[in-house]
Amino acid sequence: MRILWKAAAAASVLLTGACATPLQAAPRQTLQDPATSAPATSALAVSPDLSAALDAYMKAAVRNAAFSGTVLVAAHGRPVFRGSYGLANRAFDVPNDTDTVYQLASVTKPFTALLIMMLQEEGRLSVDDLACDHLADCPPAWRAVTVRQLLTHTSGIPNYTSLPDWDETQDSRTYGPGGVVALVRDRPLEFAPGQGYRYSNTGYNLLGTIIERVAGKPYPEVLRERILAPLHMDHTVFNASRRIIPHLATGYYSIGSTFIEATPQSMTGVYGEAGLSSTVDDLSTWAQAVGAGRLVSPASLAQMTEGARNNYGFGWEIRTWHGRRMVGHAGSGPGFSNMVARFPEDDLTIVVLSNSDEASGGGTARALAGLYFGEATSLPEVQPKTVILDAVMAGGAEAGIRQYQAMKAAQPSAEAFATDELLVEIGYELSGLPAMEEARRLFEFTLEQFPQSAFSHDGLADISVAEGDFAAAIAHFETSLRLDPDNEYAREGLKRLKGLPES
């Protein structure tokens, strides 16, 4: 089934003319923050107005943006605000708190990059080494790839999580060492090394293997010895198995404002690209140590972040937020959305860990930073998709369609109604529940509104496959390809159904 990832930009689309409530914090004063759960000696004095503004934003995110999780704002290495919201486990009504552990997903990547820099400082490798000098049995296509290019997503090695079958079947399999890399090993490079950019989990998996081979120890052991143990990150663990992690939150998807179980995903293949789980306080400790030069030298840290192309350095995203340099990393997995954002020049760290796939870790961190810096920030508002899905869940597909029509009639020029994207996403979320009849009706209605919607035919094909009607699935995929000849998803779907080898 096609998975439509919810980028923060897409999630923030509002109806034209919607009235967002601006929120602005008063200038910071030297008063104790009443919201922090840490002892008074460990908290930085902060204006109660700032604390109230941060809490008000988060409560609006809970109401309107499906937020569930824990956030921390730390200035000069000391917390100025902590808050936990929603439930860590909904079946047993267990609330999130500051000790709740969350799967970090790609927030693991800067840890991996730091280990590479530690090994470089010791003279045991160089980021300009050929990656294959530290890997066994490299395919010929990888011979020119450097460690630097793995770090910066410029190697051209395909991303295994972008394979057509990844979300369908491959992400739930059990993998041994190198198993996920083997999925793309024999595929051609997507571009010549250093000549393009494409985010690649494969590259960071390979970096984990390079660390293991150079250090002579498994990646998790190197991680623990060099970062976790020295920083006393006692609530942070690397887990690429099905072992139980104490205090780990359950990840959730949502259908409208209704939380549902996340699709199970195997973590057995991850190495340097994901696999860490942690708490907000452990991550704040780590971020402070990075900025203070306790893990790598200032020169190495500068090499990781300066001169970055594509807004990505060595394991760090480098962007401008609120007119300030932000160095951080997002991470999203099945039912989790996270962000660690560092503002080096302001000595500010914001950690957002959420066990809600619908929440935007990056968007939340950016909003909290804006409030800290005293900027007016709009509260999260309920999105059209949520309103329509809530109508479907309450009254069926036709109720959702009526809701869509009413909203479109009220604001016909709104961006949300200009393309098929909104309806297609709703259809796929319903089919993933699964609520097949409702999903089918939504895809059919989408084609009534947007007859050229190739993705709607993909959705109908997926429903047909789930119901065993392979002839109908083939017909829908063929129609999809006629509408969009570049639709790789439909092309691979046809190959699978017709028994042809996949490319």
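Keep in mind it's a predicted model, so treat the numbers as computed, not measured.

Thresholds, definitions, all that
- Residues numbered from 1 in each chain as written.
- Predicted model: local features only at pLDDT ≥ 70, side-chain atom pairs only at ≥ 80, totals over all residues.
- Heavy atoms only, no water.
- Pairing = 2+ DSSP bridges.
- Helix = DSSP H or I, 4+ residues; strand = E, 2+ residues; numbered from the N terminus.
- Axes fitted to C-alpha atoms, helices over the stretch in contact; angles between N-to-C directions.
- Disulfide = S-S within 2.5 Å.
- Phe/Tyr/Trp six-rings, centres within 6.5 Å; stacked < 30°, edge-to-face > 60°.
- Buried < 20%, exposed > 50% of the residue type's maximum accessible area, 1.4 Å probe, protein only.
- pLDDT = per-residue confidence, 0-100.
- Contact = heavy atoms within 4.5 Å.
- Arc of directions from axis to C-beta.

Draft legend 1. Structural detail: the sheet that holds strand E14 (residues 348–354). Taking strand neighbours across the sheet as the criterion, the 6 strands line up as E3-E2-E14-E13-E12-E11 in an open arrangement whose pairing is antiparallel. Across the chains shown, the open sheet's two edge strands, defined by having one partner strand only, are strand E3 (78–85) and strand E11 (317–321). Neighbouring strand axes in the sheet, compared pairwise and without regard to direction, differ in orientation by 20 degrees on average. As paired elements, strand E2 (residues 69–75) and E3 share 7 bridges and run antiparallel to each other.

Draft legend 2. Examining the sheet that holds strand E7 (residues 237–238) more closely. With antiparallel pairing, 3 strands are arranged side by side in an open sheet as E6-E10-E7. In this open sheet, the two edge strands, each paired with only one partner strand, are strand E6 (102–103) and E7. As judged from the 2 bridges shared by E6 and strand E10 (residues 276–278), these two strands associate in the antiparallel manner. By the bridge assignment for E10, Gln103 is matched with Ser277.

Draft legend 3. A look at the state of the cysteines. Throughout the structure, instances matching the rule amount to 1 disulfide. Linked covalently through their sulfurs, Cys132 and Cys138 form a disulfide whose S-S length is 2.2 Å. Disulfide Cys132 to Cys138: torsion about the S-S bond roughly -100 degrees, handedness left-handed.

Draft legend 4. Just the packing of aromatic side chains, in detail. Overall, the coordinates contain 13 aromatic pairs when judged by the stated rule. Between Tyr219 and Tyr271, the ring centres sit 5.4 Å apart and the planes meet at 45 degrees, which makes this aromatic pair tilted. In this pair, Tyr219 sits in helix H7 (residues 219–228) while Tyr271 sits in the loop between strand E9 (258–261) and E10, placing the two residues 52 residues apart along the sequence. Of the two residues examined, Tyr219 and Tyr271, each falls in the buried class.

Draft legend 5. Focus on the confidence of the model for the protein. Counting all residues, the mean pLDDT for the protein is 89, and 90% of those residues have values of 70 or more. Note that pLDDT drops below 50 for residues 3–20; the model gives that stretch 35 contacts with residues more than four away or on any other chain. Counting contacts from residues 26–42, a segment whose pLDDT is below 50, to residues more than four positions away or on other chains yields 34 contacts.

Draft legend 6. Molecular detail of the side chain of Ser277. Take Ser277: it is sitting in strand E10. Ignoring any residue separated from it by four or fewer positions in sequence, one finds Ser277 in contact with Val101, Tyr102, Gln103, Leu104, His235, Thr236, Val237, Ile245 and Leu248.

Draft legend 7. Here's a closer look at H7. By the burial criterion, the buried members of H7 are Tyr219, Val222, Leu223, Ile227 and Leu228. For H7, the buried positions fall inside an angular range of 155 degrees around the axis, keeping them on one side. The inward-facing, buried residues of H7 abut helix H3 (109–121), helix H6 (201–215), E7, E10 and helix H8 (280–291).

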